[in-house]
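In case you want the letters, here they are:
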Amino acid sequence: MPGAVEAYGIDAVDLGEVLRYLGYSGQKLDGELAARIDEVVARCLSVGRPRGVTRVFGVEGSSERDGVPVLRLSGTSLELAGHSIASHLDGAVAVGVLVVTAGMGVEAELRRLSLTDRVAQVIFDAAGSALVERAANAAEASLVAQAADRGLYCGTRFSPGYGDLPLETQPVLLAALDAGRLLGITLSDSLLMSPTKSVTAVAGFFERPPTDARPGCSACYAREFCLLRRSGRTCRG
Amino acid sequence: MAEAVRRDELVLRRRRVADADLSSVLAGKRFLLFDGAMGTQLQARGLAAGELPELLCLTNPGEVTAIHTAYVTAGADVVTTNTFGANAAKLGAAASVEEVFQAAVACARAARPRYVAADLGPTGQLLAPMGPLAFDDAYELFARQARAADAAGADLFIIETMSDLAEAKAALLAVRENSDLPAVVSMTFAEDGRTFLGTTPEVAALTLSSMGADAVGINCSLGPSEVIPLVERMLPWTSCPVLVQANAGLPRVEDGVTVYDVGVDEYVAAVERMLGMGVTIVGGCCGTTPDYIAAERALLDARRPAPRHVRDCFAVCGPQRLVSLEAGQVGVIGERINPTGKRRMQEALRSGNHDLVMGEAIAQERAGAQILDVNAGLPEIDERAVMCRLVAELQGVTTLPLQIDASDPAVIEAAVRSYPGKPLINSVNGKGESLSAVLPIAAHYGCAVVGLTLDEDGIPATSDGRLAVARKIVTEADALGIPRHDVVIDCLAMAASTDQTAPRAILDAIRAVKHELPGVRTVLGVSNISFGLPFRPLVNATFLAAAFSAGLDLAIINPESRRMMDAVDSWRVLSGEDASARFYVEHYAGRTDAVGAPSLHGDKSLASQAPSDGEGARSEDPAERARSLVLEGRSAPVAEAVAQVLESHDALYAINEVLIPALDEVGRRFEKGTFFLPQLMASAEAAKAGFEVIRASTPAADAATSGKGTIVICTVHGDIHDIGKNIVRMLLENYGYDVVDLGRDVPPEVVADETVARHAPLVGLSALMTSTVPAMAETIKLLRERAPWCKVVVGGAVLTPEYAQMVGADFYAKDATETAHIAGEVLGR
């Protein structure tokens, strides 16, 4: 059953992150290029429609298939296979699943720029990545709240393709969230999402704060103005 | 593509309609009630999220029939089969399309409804050009469903929840060409009144009903109140019945359960308003239950279909924009995308580097064009392939509808078949051969068509002669059911310098066509009139004004010509189209005839006024200045500086002593890390502006800036990331290589074909995902077989030197500058 679409009112992206995606490491940045980056980032924010869907499924149990642990969830045919996700979700009583997208407008603008202005395309692509990252943070925050409602703690998010969680998880994950109908997300034969600026992930709900889940930047109050982050590092090393 | 249209037979084929009542539904004289949600009901019965609901037709037919039966009992005329996602791509190995449709139709029939509608939902993949699924592949998925549903005994089709007009079109064509059952097509819109891909209700209605949908409509996504303003916009643009199947409001999650917030009474009140507006087919979508359908039944039984007001005007559209002309309005078709007599455009079409074409499209739109003519007619190219690629790429840069300009019917058909919208075809003429080849294409694909007043005897000299040819074309079009407002007659301008009676004959012919063939529109390519005369724009503009006065509807002109747009804009004041002369006053106040008057629709300012902080950028020596400006990445000043260099030096000096050394320095800085990516690209772009100036200076210089050899590049099959590839292309072009950019998601055979055809010594392949690295290996393997002489360089985020070796490449390039080094090694600098 489809959940409700969450709309995220994101009016800024981390400029440091945009620059880092562009390979910036402290080079001299003249006024003209800096202005151009600002302009493209603003355009990305104006055409972007960050949206997402989250759902929570209970953990039904786990089994093993071909020597690989498989986590089964209740009320869905979604299965999470692999050693890395098994250890990430070890002890979880429920699993939050999220999908977010920056929207087809971002995709259309990327295509337009690929045909007309390739410098802007590169910058816009970085801005789009930063935007969908923020949308994913927002969806993760929504899961944190849903966990709290149940008196549980939400771990950090983990996406298909990380570790040995296979990309083949994507079709069922997207179907379970009705992402095609609700968000317009489609999947190619090579399991690539369109719009390309889309993210799927799962996060465990735990009865105790997960010990291995050091709070990431996404949960840090200083993330927007942190100088360490801007230079491409984090306080966690 | 499927076989070429079986011409007249297909166009005129009758629908197989179940009974007389359904015929009156399709004539708009009777209501039809569909069922409500299937998915919501299945989930309420315990379907797990992510499972394929269609398989239940096979594994649990009783459950599916029980849902259908509940809707029939509630009073639904039609039940919709549980086949929304039953295409070969989604079903995979789980079941065959045929067995699912057989079972699904049987489940539906068992509920004893009046009619069974076979449900076709989206493929689940995004179609080209934005996505990787080819139009023809989408068509094949739908065609298999259509054949299966027809064989299983459905009464009609419902194609629904479409957000991509191209996909809706593929589905409708698949049904039309594989079944003679009626088809309803419904799209889904978001709160902003557009589908996820930007299509409006007007565009959907016009395109799909022109193509022969038996009913069009709106379903899913929104509640009934939100649908009302959208269906109001849709109704005037189609003469066929309109369907609405709204959700029971917007979903929200309560205690982990999805609930919909619009109850039966509120739902039915909104439906009643829509019936009053002229909607005749209703039902329900997500969240609706048999209770909603029962209430709609009661509503329909107490009412009769309301009268409709459908527009009768010339209208064409692209996927996002509809352009229409009411009586008395005039329109501008931009003529610039045409290689005839344009050397640079010819080169662009030959090389596949379409920047110039995209630039022309943008400039014409900005100058006021409302439709863009697209012509790819060059003898030595594959016109069909180039036309299709141009049409796809133009959709990325402009929302203007296109006019497909070709003489070969096969080229026209290939282009209009997958065009997401209603295009204009240019053209048919009075020759028997042309009439029988082109008009059926216009009819089958629902296009408007330009008819040239010439036939086997040439262009008649008199207006009566032209009228006679026009009449012949219109009679044929009438017979094929092409509406009069979709036929646009071109009375053909002839040179006044050779025959001064010609202009009057043309104007008389326009008047005669408008008078004698009511409903038909006229179009004219104006510029021939001034052939052989000096200062042609003046003659063209004067004649254009006279033609408007005679009743001309559409002018094919160069909208970037100031004088032509002056004539258009001022005529619109005189005709009353520009109400209160608002546009004219806003744009022409303060205008004089002085040379260099500022351009009307806001041309790009050429020179960047930003001051520079670099010393060299202010140097007296233009060569020094150009080098510094390239390093600063400032295009417009580089162009100026290079123009100055050329005043005292030749092209080779400007290339080898100015631009190339500057680019080398950019590359060094990038490698050392003192430049980052956007700086590298801005510099490449600035250098390109310099090369453009050199190229434009003399044809000899043009040769000097290229000719170092051909490099074929692309992103491999399955991968649509093209940023890295685009950066590489910019750099290689700067260094003077002929870069053939095949784009993204390119099948191995295409790479091999092009490499062989051009005998390219170097091929560059890019892949950004591990899942597409095998496609890279496959491409290289094919190249080794078919083009053993060529070297292959690979790059992309996931690649490493080890991967490169594994896939069999000759070179691995970690970034664009390294690719340029490798090109230098293979082809010479």
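Structure's up top.
Residues numbered from 1 in each chain as written. Chains lettered and ligands numbered in written order. Predicted model: local features only at pLDDT ≥ 70, side-chain atom pairs only at ≥ 80, totals over all residues. Heavy atoms only, no water.

1. A closer look at the sheet that holds strand β22 (residues 738-741) of chain B
Residues and elements named next belong to chain B.
For step 1, the next point in the chain: Pairing in this open sheet of five strands is parallel, and the strands run β22-β21-β23-β24-β25 from one edge to the other. The sheet terminates laterally at β22 and β25 (811-812), the two strands that pair on one side only.
For step 2, the next point in the chain: The pairing of strand β21 (residues 710-715) with strand β23 (residues 762-766) spans five bridges and is classified as parallel. Residue pairing across strands places Thr-715 opposite Ser-766, the latter belonging to β23. (Pairing = 2+ DSSP bridges. Helix = DSSP H or I, 4+ residues; strand = E, 2+ residues; numbered from the N terminus.)

2. Side note on the interface of chain A and chain B
For step 1, the next point in the chain: Taken residue by residue, the interface counts 54 residues in chain A and 61 residues in chain B.
For step 2, the next point in the chain: At the boundary of chain A with chain B, total buried surface from both sides reaches about 4,600 Å², with 61% on carbon and sulfur atoms.
For step 3, the next point in the chain: Notably, a salt bridge pairs B:Asp355 with A:Arg118, separated by 2.8 Å at the nearest N-O pair.
For step 4, the next point in the chain: Taken together, chain A and chain B are joined by 16 residue pairs in polar contact (both at pLDDT 80 or more).
For step 5, the next point in the chain: Residue contributions to the side of chain A that touches chain B peak at eight residues, all from helix α4 (residues 104-116) of chain A. (Contact = heavy atoms within 4.5 Å. Buried area = accessible area lost by both parts, 1.4 Å probe. Salt bridge = Lys/Arg side-chain N within 4 Å of Asp/Glu carboxyl O. Polar contact = N/O pair within 3.5 Å; in protein donor to acceptor, adjacent residues only side chain to side chain.)

3. Things to note about the pairing of strand β20 (residues 554-557) of chain B
For step 1, the next point in the chain: Burial of the side chains of β20(B) extends over both faces: B:Leu554 and B:Ile556 are buried on one face and B:Ala555 and B:Ile557 on the other.
For step 2, the next point in the chain: Handedness of the crossover is the feature at issue here: the chain leaves strand β19 (residues 521-525) of chain B, passes through helix α21 (residues 536-550) of chain B, returns alongside β20(B), and the resulting connection is right-handed. (Buried < 20%, exposed > 50% of the residue type's maximum accessible area, 1.4 Å probe, protein only. Right-handed = clockwise from strand over helix to strand, strands pointing away.)

4. Focus on the environment of B:Leu765
All names here are of chain B.
For step 1, the next point in the chain: Position of Leu-765 relative to the elements: it lies in strand β23.
For step 2, the next point in the chain: You can call Leu-765 buried: its relative accessible area is 3%.
For step 3, the next point in the chain: In this structure, the C-alpha to C-alpha distance between Leu-765 and Cys-714, residues 51 residues apart in sequence, is 5.4 Å.
For step 4, the next point in the chain: With near-sequence residues (within four places) excluded, Leu-765 lies in contact with Cys-714, Val-716, Val-751, Met-776, Thr-779, Ile-780, Val-792, Val-793, Val-794 and Gly-795.

5. Some details on the sheet that holds strand β7 (residues 242-245) of chain B
All names here are of chain B.
For step 1, the next point in the chain: Reading across the sheet, the eight strands line up as β1-β10-β7-β6-β5-β4-β3-β2 and stay open at both edges, with parallel pairing between neighbours. The open sheet has two edge strands, β1 (32-33) and β2 (78-80), and neither has a second partner.
For step 2, the next point in the chain: In terms of strand pairing, β2 meets strand β3 (residues 115-120) through three bridges, oriented parallel. From the neighbouring strand, Thr-80 faces β3, where its bridge partner is Ala-117.
For step 3, the next point in the chain: Across the sheet, helix α7 (residues 97-109) touches β2 and β3, and the angle it forms with β3 is around 145°.
For step 4, the next point in the chain: In the packing of helix α11 (residues 224-234) onto the sheet, the strands contacted are β6 (215-219) and β7, and the crossing angle to β6 comes to about 160°. (Axes fitted to C-alpha atoms, helices over the stretch in contact; angles between N-to-C directions.)

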